[in-house]
Amino acid sequence: FLVIGGGMQLMGKYRIRDGEKTEMIGAVDLYTELGSERMTGNFAFSCDAAHGDVVVGFENHTGRTRLGEDVSPLGKVLAGHGSNGGDGTEGCRYKNLFGSYCHGPLLPKNPLPAAAKAALLPSIGVMGAPPERVFIVTSTESMVATVIQA
């Protein structure tokens, strides 16, 4: 199951905005505090779910998300802000749920190995197409280098 941005926040226990706590779904042990400054721009992170591959994308959020003990980060930030701008982590991974602030073409822009695609595609589908009929265009090394050097 893949959730992006506010979807990841929604899966958590609660979100705090201007001191007001709002309960979320509670499916994943995480919480988010909304900050006053946006964290925006191209970013890159290494991703264990993608066998250590570098994932590139664009982040645009005010959320500072913190993970509970039983939740793993999706990756380690190489360039950009990540989940909270402080601890060097990006996203969350809990059972078959993957969450990220990586907006835009997360799947088409990144070279995910077959195992990672197999873990993600059955849960997201693409316009009703069965996973074996979905093709993902992979990124090039120059795209990764551009994001990391920016």
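Values in this document were obtained by computation on a predicted structure and should not be read as measured data.

Cut-offs applied
- Residues numbered from 1 in each chain as written.
- Predicted model: local features only at pLDDT ≥ 70, side-chain atom pairs only at ≥ 80, totals over all residues.
- Heavy atoms only, no water.
- Helix = DSSP H or I, 4+ residues; strand = E, 2+ residues; numbered from the N terminus.
- Buried < 20%, exposed > 50% of the residue type's maximum accessible area, 1.4 Å probe, protein only.
- Contact = heavy atoms within 4.5 Å.
- Areas by Shrake-Rupley, 256 points an atom, 1.4 Å probe, with all protein chains shown as cover.
- Core = buried A, V, L, I, M, F, W, Y, C linked by side-chain atoms within 4.5 Å.
- Pairing = 2+ DSSP bridges.

K.L.:
Describe the overall build of the protein chain, with residues and values.
P.N.:
The secondary structure content of the protein chain amounts to three helices and nine strands. Helices and strands in the protein chain line up, N terminus first, as β-α-β-β-β-β-β-β-β-β-α-α. Taken over 150 residues, the protein chain has a buried fraction of 39%. For the protein chain, the share of sequence-separated contacts (at least 6 apart) that also reach a separation of at least 24 residues comes to 55%. Carbon and sulfur atoms form 52% of the exposed surface of the protein chain, whose accessible area is close to 8100 Å².

K.L.:
Outline the nonpolar core, listing residues and values.
P.N.:
Counting residues in hydrophobic clusters, the biggest one holds nine residues: V3, M8, M11, V28, L30, V71, C92, L97 and Y101. Residues within four places of L30 in sequence aside, it is in contact with M8, Q9, G12, K13, Y14, T65, R66, L67, G68 and C92.

K.L.:
Outline the pairing of strand β4 (residues 30-47), supporting the account with residue identities and numerical values.
P.N.:
Two strands pair when backbone bridges link them, and strand β2 (residues 14-17) and β4 are joined in this way by three bridges, in the parallel orientation. Following the sheet pairing, Y14 is matched in β4 by Y31. The sheet contact formed by β4 and strand β5 (residues 53-67) spans 14 bridges and is antiparallel. In the strand pairing of β5, F43 is matched with G57. Two strands pair when backbone bridges link them, and β4 and strand β6 (residues 75-79) are joined in this way by four bridges, in the antiparallel orientation. The residue of β6 that forms the bridge with C47 is G75.

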